[in-house]
Amino acid sequence: MSVPRSQIARNLARIRGEIVDAARRARRDPGEVGLVAVTKSVGVEEIVSLLQLGITDIAESRVQQLVARAAEVDDLLARRAGKGLASPRWHLVGHLQRNKAKVALGVAAMIHSVDSLRLAEELNSRASQDGRTIDVLLQVNCSQERQKHGCAVGAGMHLAELITTLRSLRLVGLMTMAPLSGDPERARPAFTRLRELFEEMRHEKVGGEAFRHLSMGMSQDYPVAVEEGATILRIGSALFE
Ligand SMILES: *Cc1c(COP(=O)(O)O)cnc(C)c1O
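Residues numbered from 1 in each chain as written. Predicted model: local features only at pLDDT ≥ 70, side-chain atom pairs only at ≥ 80, totals over all residues. Heavy atoms only, no water.

Asker: How would you sum up the overall build of the protein chain? Please name residues and give values.
Answerer: Along its length, the protein chain carries 9 helices and 9 strands. Against the compact-globule benchmark of 18 Å for 241 residues, the protein chain has a radius of gyration of 17 Å, which places it among compact chains. Across its three principal axes, the protein chain shows a C-alpha extent of roughly 45 × 45 × 30 Å. By residue count, 50% of the 241 residues in the protein chain fall in the buried class. (Helix = DSSP H or I, 4+ residues; strand = E, 2+ residues; numbered from the N terminus. Rg over C-alpha atoms; globule rule 2.2 N^0.38 Å. Buried < 20%, exposed > 50% of the residue type's maximum accessible area, 1.4 Å probe, protein only.)

This is the structure we're talking about:
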């Protein structure tokens with residue numbers, strides 16, 4: 001069963017309220033905080049509802065699903081309800097294997113999960129073959145959990161500098177995933193660490209003007225992420241509960 005649009009609208013209003021409250025606590029402008037809807041747990045109906053509600057940044061965590069969803073949504077928009085709706089701007093937020101780089105580039109406007117030079121180089125050469133540039137974020141493992149993807153904090157600066165030499169990639173910021181736990185405060189140290197690394201990089205002029213995003217904060221911890229400086233929240237379940 002799909003989640004009704006009215007329910008998504010209510011959730012969205014609540015989330016936006018929380019974002020405004022958290023921004024106020026941190027003396028930030030809530031307008032600096034963007035929301036990417038992660039739709040891996042729902043269907044295309046919900047994606048169309050999001051578009052109708054004005055949410056056009058849509059994310060998937062797996063490449064295959066990203067590509068399949070993009071095709072389905074295109075179809076729906078061409079055929080019916082969607083007349084006049086903006087198309088989604090697709091984000092890939094999950095781990096990307098090098099052999100799927102080309103497929104990901106076919107759809108994604110932003111890839112949040114670049115975490116190695118080899119992957120960055122593969123994306124760069126594929127993108128340059130297609131004569132385009134792609135916005136990427138460097139994923140950093142700020143929680144020192146072994147199973148997590150992301151480069152080590154200590155390797156971040158050097159890797160970011162190397163990525164900015166790749167002409168078909170535009171490094172627009174950093175991404176992290178906090179440890180999952182019931183307590184949002186347990187996420188805070190990872191967010192703080194990412195922001196500190198980000199500030200260090202800005203100080204070193206890594207990436208220039210384009211380098212301005214912190215993609216951090218999910219359903220369970222986004223208010224804390226806003227307090228710590230997030231500019232992109234990746235929210236799934238809280239939109240569809
Ligand atoms: C699923 C996912 C999210 C969203 O998680 P929720 O807890 O549903 O908000 C964000 N980022 C990544 C990388 C994900 O895989």
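Asker: I'd like a rundown of the nonpolar core, residues and numbers included.
Answerer: Residues Ile111, Leu138 and Leu174 are the most contacted members of the largest nonpolar core, which totals 73 residues. The residues touching Leu174, leaving out its near neighbours within four places in the chain, are Leu137, Leu138, Val140, Leu194, Leu197, Phe198, Met201, Phe211, His213, Leu214 and Ser215. Counting 10 residues, the second-largest nonpolar core is a separate cluster that includes Val36, Val38, Leu137 and Ile232. (Core = buried A, V, L, I, M, F, W, Y, C linked by side-chain atoms within 4.5 Å. Contact = heavy atoms within 4.5 Å.)

Asker: How would you explain helix H7 (residues 188-203) if you had to name every residue and give the values?
Answerer: The terminal C-alpha atoms of H7 lie 22 Å apart, and with 16 residues this matches the ideal 22 Å at 1.5 Å per residue to within 8%. Looking at the buried side of H7, the elements it contacts are strand E5 (134-141), helix H6 (153-163), strand E7 (169-175), strand E8 (213-215) and helix H8 (222-227). Note on H7: the residue one or two positions beyond its end, Lys205, has a positive phi of about 60°. (Expected span 1.5 Å × (residues − 1).)

Asker: I'd like a description of the pairing of strand E3 (residues 89-92), backed by residues and values.
Answerer: As defined by bridge partners, strand E2 (residues 57-60) adjoins E3 across 4 bridges and the pair is classed as parallel. Across the sheet, residue Glu60 finds its bridge partner in E3, namely Leu92. Bridge count between E3 and strand E4 (residues 110-114): 2 bridges; the pairing is parallel. Residue pairing for E4: Leu92 is matched across the bridge by Ile111. (Pairing = 2+ DSSP bridges.)

Asker: Go over the site of the ligand, please, and point to the residues and values.
Answerer: Surrounding the ligand, one finds Val38, Lys40, Ser61, Val93, Met177, Met218, Ser219, Arg234, Ile235, Gly236 and Ser237. Between an oxygen atom of the ligand and a main-chain N or O atom of Ser237, the distance comes to 2.8 Å. Against a free-state accessible area of 390 Å², the protein chains account for coverage of 87% of the ligand. (Near = heavy atom within 4 Å. Polar contact = N/O pair within 3.5 Å; in protein donor to acceptor, adjacent residues only side chain to side chain. Areas by Shrake-Rupley, 256 points an atom, 1.4 Å probe, with all protein chains shown as cover.)

Asker: Break down the environment of Lys148 for me, citing the residues and quoting the values.
Answerer: By secondary structure assignment, the location of Lys148 is in the loop between E5 and strand E6 (151-152). As for Lys148 and Ala59, which are separated by 89 residues in sequence, their C-alpha atoms are 19 Å apart. Those residues in contact with Lys148, other than ones at most four positions away along the chain, are Asn141, Ser143, Met177, Ala178 and Pro179.

Asker: Lay out the pairing of strand E1 (residues 34-38) in plain terms, naming residues and giving numbers.
Answerer: Of all 5 residues that make up E1, 4 are buried, and the element is covered over most of its length. Here 4 bridges tie E1 to strand E9 (residues 232-235), and the two strands are oriented parallel to one another. For Leu35, the partnering residue across the bridge sits in E9 and is Leu233. Sheet analysis places E1 next to E2, joined by 2 bridges and oriented parallel. Residue pairing across strands places Ala37 opposite Ile58, the latter belonging to E2.

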